[in-house]
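# Residue-level structural notes
For reference, the chains in residue letters:
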Amino acid sequence: MKHYILHAPPNPTLEYAQGEKIKVPPNTTEIVSQGGGSTIDVAKWVAKELGLKHTAIPTTAGTGSEVTKYVVLTVDGKKTTFVDDAYIPDSYILDPSLVVSLPRLHTIASGLDALCQSFESVWSKNATQESLGYAKSAIELIRQNLGKCVDDPEDTKARANMLLAANLSGRAINITKTNVCHAISYPL
């Protein structure tokens with residue numbers, strides 16, 4: 001089994017993702033992405049384009065990209081969302097030891113992203129019992145653990161709970177999509 005390991009810059013472009021697709025060596029059977037939402041999204045795009053398996057390993061606790069059907073890439077200077085169930089990674093690993101070194105600002109920002117996704121899912125006209133369950137569980141986990149992660153970055157239990165919260169928020173938006181809060185962020 002041959003793997004291609006991917007790390008991407010923040011807010012990657014479609015051109016960058018296309019370049020990564022070209023770099024994948026022949027006989028590669030799986031892509032392993034380790035990073036935040038940008039890295040995982042590029043890997044999702046490349047894996048789908050090449051028909052490869054994808055394992056996602058988040059190093060932030062915010063986007064839930066390891067379970068979503070969305071890929072966000074910059075196209076002609078604008079953030080663009082591509083949607084396809086085929087983007088959902090085949091597997092993922094939630095490892096709290098990979099987020100303990102996340103700086104305070106990124107811990108807060110990514111945690112608030114998961115919280116925002118969860119609230120948007122609750123408010124959505126597309127909400128279902130399943131999405132509400134994911135979103136409400138994520139909100140409670142964030143309420144109980146985000147402050148702990150900020151105060152004690154090496155609290156692996158709190159970090160694990162934040163990774164789970166982000167994962168649940170991703171599952172929720174797979175059903176409902178995001179709405180106005182995330183839509184406003186694109187032009188900003």
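The present account deals with the structure reproduced in this document. (Residues numbered from 1 in each chain as written. Predicted model: local features only at pLDDT ≥ 70, side-chain atom pairs only at ≥ 80, totals over all residues. Heavy atoms only, no water.)

Below, the discussion takes up the pairing of strand S3 (residues 53–58). Among the 6 residues of S3, 5 are classified as buried, and the element is accordingly described as predominantly covered. The pairing of strand S2 (residues 30–35) with S3 spans 6 bridges and is parallel. Across the sheet, residue serine 33 finds its bridge partner in S3, namely alanine 56. Handedness of the crossover joining S2 and S3 through helix H2 (residues 37–50): right-handed. (Buried < 20%, exposed > 50% of the residue type's maximum accessible area, 1.4 Å probe, protein only. Helix = DSSP H or I, 4+ residues; strand = E, 2+ residues; numbered from the N terminus. Pairing = 2+ DSSP bridges. Right-handed = clockwise from strand over helix to strand, strands pointing away.)

Remark: helix H3 (residues 104–123) packs on helix H4 (residues 129–151), axes separated minimally by 9 Å, with the N-to-C direction vectors making an angle of 160°. One element, H3, and the other, H4, form an angle in the roughly antiparallel class. Considering how the two elements wind past one another, H3 and H4 form a crossing that is left-handed. Between H3, through Arg104, Thr107, Ile108, Gly111, Leu112, Ala114, Leu115, Ser118, Phe119, Ser121 and Val122, and H4, the contact on the second element is made entirely by Ser131, Leu132, Ala135, Lys136, Ala138, Ile139, Ile142, Leu146, Cys149 and Val150. In terms of residue class, the contact of H3 with H4 is built from 14 nonpolar, 5 polar and 2 charged. (Axes fitted to C-alpha atoms, helices over the stretch in contact; angles between N-to-C directions. Parallel < 35°, antiparallel > 145°, perpendicular 65-115°, else oblique. Left-handed = near helix turned anticlockwise from the far one by under 90°. Contact = heavy atoms within 4.5 Å. Nonpolar A, V, L, I, M, F, W, Y, C, P; charged D, E, K, R; others polar.)

Inspection of the entire model under this criterion finds 5 salt bridges. As a salt-bridge pair, lysine 23 and glutamate 20 come within 3.3 Å of each other at their nearest N and O atoms. Within this pair, lysine 23 and its partner glutamate 20 are both found in helix H1 (residues 14–23), separated by 3 residues, close to a single helical turn. Take lysine 23: its relative accessible area is 52%, and that puts it in the exposed class. Under the relative-accessibility criterion, glutamate 20 is labelled buried at 5%. (Salt bridge = Lys/Arg side-chain N within 4 Å of Asp/Glu carboxyl O.)

Considering the arrangement of structural elements, one finds lysine 157 in helix H5 (residues 156–176). Looking at lysine 157, the relative accessible area reads 62%, which means it is exposed. Each C-alpha atom of the pair lysine 157 and serine 38 lies 25 Å from the other, and the pair is 119 residues apart in sequence.

Turning our attention to H3. An α-helical segment advances 3.6 residues per turn. Residues three or four places apart therefore align on the same side. Taking 1.5 Å per residue, 20 residues should reach 28 Å; H3 reaches 28 Å between its end C-alpha atoms and fits that length. Along H3, the positions that sit buried rather than exposed are Thr107, Ser110, Gly111, Ala114, Leu115, Gln117, Ser118, Glu120 and Ser121. (Expected span 1.5 Å × (residues − 1).)

Moving on, we get to the environment of arginine 171. Within the fold, arginine 171 resides in helix H5. In sequence terms arginine 171 and serine 118 are 53 residues apart; their C-alpha atoms lie 9.5 Å from each other. Sequence-distant contacts of arginine 171, that is, excluding residues within four places in its chain, are made with Val67, Tyr92 and Tyr134.

As a rule of thumb, soluble globular proteins bury nonpolar side chains together. Ranked by size, the top nonpolar core spans 17 residues in total, and within it Ala61, Ile142, Leu146, Met162 and Ala165 carry the most contacts. Mapped by element, the contributors of at least two residues to this core are H3, H4 and H5. Counting residues per element, this core draws most heavily on H4, at 7 residues. Ignoring any residue separated from it by four or fewer positions in sequence, one finds leucine 146 in contact with Thr107, Ile108, Gly111, Leu112, Leu141 and Met162. If you look at the next biggest cluster of nonpolar residues, it comprises 16 residues, including Tyr4, Ala43, Val46 and Val71. (Core = buried A, V, L, I, M, F, W, Y, C linked by side-chain atoms within 4.5 Å.)

This part covers the packing of aromatic side chains. This structure, assessed with the given rule, holds 1 aromatic pair. With a centroid separation of 5.7 Å and an interplanar angle of 20°, the aromatic rings of phenylalanine 119 and tryptophan 123 are classed as stacked. Here phenylalanine 119 and its partner tryptophan 123 are both found in helix H3, 4 residues apart, which amounts to about one turn of the helix. Using a relative accessible area of 32% as the deciding quantity, one classes phenylalanine 119 as partly exposed. Since its relative accessible area comes to 56%, tryptophan 123 is described here as exposed. (Phe/Tyr/Trp six-rings, centres within 6.5 Å; stacked < 30°, edge-to-face > 60°.)

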